[in-house]
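The primary structure of each chain is shown beneath.
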Amino acid sequence: STPSATTVICGLNAALQKRFILSPTDRLIPGNVHRAQEIQTGLGGKGQDVAVTLSCLEYNRAVSTSDDDTSQQQQQQPSLMQVAQFIGQDAAGDAVFDIMRQQVDTPSSSCLTGATVRCQAAMRTCTSIVAHDSTTELVEPSGVVSKPE
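Residues numbered from 1 in each chain as written. Predicted model: local features only at pLDDT ≥ 70, side-chain atom pairs only at ≥ 80, totals over all residues. Heavy atoms only, no water.

Student: Explain the pattern of salt bridges to me, please; I cannot follow it from the model alone.
Tutor: Pairs may arise between side chains of opposite charge once their charged atoms sit close together. Under the counting rule described, the total for this entry stands at three salt bridges. In this structure, Asp94 engages Arg118 in a salt bridge whose closest nitrogen and oxygen atoms are separated by 2.6 Å. Here Arg118 lies in strand β7 (residues 116-119) and Asp94 lies in helix α2 (residues 91-103), a separation of 24 residues in the sequence. With relative accessibility at 36%, the residue Asp94 sits in the partly exposed group. With its nearest N and O atoms 2.6 Å apart, the salt bridge here joins Arg101 to Asp98. Within this pair, Arg101 and its partner Asp98 are both found in helix α2, separated by three residues, close to a single helical turn. (Salt bridge = Lys/Arg side-chain N within 4 Å of Asp/Glu carboxyl O. Helix = DSSP H or I, 4+ residues; strand = E, 2+ residues; numbered from the N terminus. Buried < 20%, exposed > 50% of the residue type's maximum accessible area, 1.4 Å probe, protein only.)

Student: Can you walk me through the environment of Arg35 in this structure?
Tutor: Residue placement: Arg35 occurs in the loop between β2 (15-21) and β3 (38-44). Between the C-alpha atoms of Arg35 and Phe20, which are 15 residues apart in sequence, the distance is 8.7 Å. Those residues in contact with Arg35 that sit more than four places away from it in its chain are Phe20, Leu22 and Asp26. (Contact = heavy atoms within 4.5 Å.)

Student: What should I look at first to understand helix α1 (residues 46-56) in this one?
Tutor: For α1, the complete set of buried residues consists of Gly47, Gln48, Ala51, Val52 and Ser55. For α1, the arc enclosing every buried residue in end-on projection is 140°, short of the 170-degree limit, so these residues lie on one face. Of the exposed residues in α1, the ones pointing more than 90 degrees away from its buried face are Lys46 and Cys56. Of the surrounding elements, those touching the buried residues of α1 are β1 (6-10), β3, β6 (80-88) and α2. Count one or two residues on from α1 and you reach Glu58, which has phi positive near 60°. (Arc of directions from axis to C-beta.)

This is the structure:
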């Protein structure tokens, strides 16, 4: 059996990404009240984006291995991908953890074991206000990760 290699993705500044989407006819005007037509929630952070992209490309799927290319019997072996990241233990962190599990993990492997640390610091949230002609990004500060974490 061939040993599997592990790819480690560093996503050290993860976030919960919220998109506050205005009606197509609304313009974002500072100082005015704006009501969202829709709220979307997803992952924020470059490392998390890489993990989702590789997952969409089926990088983390089980791969077939065989000593003989013509053999009908092949052994399934997981291709491992780990995300080195800090995820808060608050509600936003729980949401990021669940989204990662849904969008990146496969039945045969999880990117959330080993390199992912659930830390005490709150998970930051980044909010994009999306208008028909512009987007404004509001980025919360990152929490402080303690030395033991």
